[in-house]
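Fold and geometry: a report
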Amino acid sequence: MKKTIVITIMIITMSLNGYSQLLHLGIKAGLNYADLTGTNVQTNAITSYHAGLVAEIKLLDKFSIQPELLYSTQGATYKTVLGDVKNELGYIAIPVMAKIYLNNTISLELGPQASFLLSQKNNFDANNSNTFDFTVAAGLGIKVTKSIFIQGRYGLGLTEVSSSAQTKNSVVQVSAGLMF
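Since we're looking at a predicted model, the values are computed, not measured.

Each value, and the rule that gives it
Residues numbered from 1 in each chain as written. Predicted model: local features only at pLDDT ≥ 70, side-chain atom pairs only at ≥ 80, totals over all residues. Heavy atoms only, no water. Helix = DSSP H or I, 4+ residues; strand = E, 2+ residues; numbered from the N terminus. Buried < 20%, exposed > 50% of the residue type's maximum accessible area, 1.4 Å probe, protein only. Contact = heavy atoms within 4.5 Å. Areas by Shrake-Rupley, 256 points an atom, 1.4 Å probe, with all protein chains shown as cover. Phe/Tyr/Trp six-rings, centres within 6.5 Å; stacked < 30°, edge-to-face > 60°. Pairing = 2+ DSSP bridges.

Overview of the overall build of the chain
In terms of regular secondary structure, the chain is built from one helix and nine strands. The linear arrangement of helices and strands in the chain, starting from the amino end, is α-β-β-β-β-β-β-β-β-β. Expressed as a percentage of its 180 residues, the buried residues of the chain come to 36%. Long-range contacts, defined as pairs at least 24 residues apart, comprise 57% of the intrachain contacts of the chain with a sequence gap of at least 6. Here the chain has roughly 10,400 Å² of accessible surface; of this, 68% comes from carbon and sulfur atoms.

This is the structure in structure tokens:
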């Protein structure tokens, strides 16, 4: 009986050790340089932020999947006769990035992102904003150390931000993070 318990504990410990090599959790935060594309109205980009949780699931030696759960603010500033009008949209974003490691330090990242509108801060009434945004994103990641990383990413919106305007999100993100 004792031998069975000891063997079971050893197998569980070895399994958890192997599993910890495949899954890493972390946090990240950074700056957004966001604008809206596809409109005839002159817009200017805004600087905003994103922050959230990251997981990296190693599937092959040079290939991982990186799902994330982020809060991200995007939008633009519109020029009008009365002055600038700022529209800032707050999303819960769920990117799922395929990471291809070019070497032990640099990775190429590509994948889809689903975002859900949580808040809208603006200087005008725009209640017709779409609550779902679908984006494709691509970028580079660099492991500074085993735990610290930086990323640069571009996200191009494929769905319209508002039902009354043919605008789509466009965002450049620069992030720093820590894996545990």
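Remarks on the packing of aromatic side chains
A full pass over the atoms with the stated rule returns two aromatic pairs. With 6.1 Å between their ring centres and 40° between their planes, Tyr49 and Tyr71 make a pair best called tilted. With a gap of 22 residues between them, Tyr49 in strand S3 (residues 46-60) and Tyr71 in strand S4 (residues 63-80) connect regions that are remote in the sequence. Accessibility expressed as a relative area gives 25% for Tyr71, which makes it partly exposed.

Structural notes on the pairing of S4
In this sheet, S4 lies alongside strand S2 (residues 43-44) in antiparallel orientation, the contact comprising two bridges. Bridging across to S4, Asn44 finds its partner in Thr77. Of the pairings in the sheet, the one linking S3 to S4 comprises eight bridges and is antiparallel in character. Bridged to Lys58 within S4 is Ser64. Turn length for the S3-S4 hairpin, with the two strands adjacent in sequence and antiparallel, is two residues. In this structure, S4 lies alongside strand S5 (residues 83-101), joined through 16 bridges in antiparallel fashion. If you follow Ile65 over to S5, its bridge partner there is Ala98.

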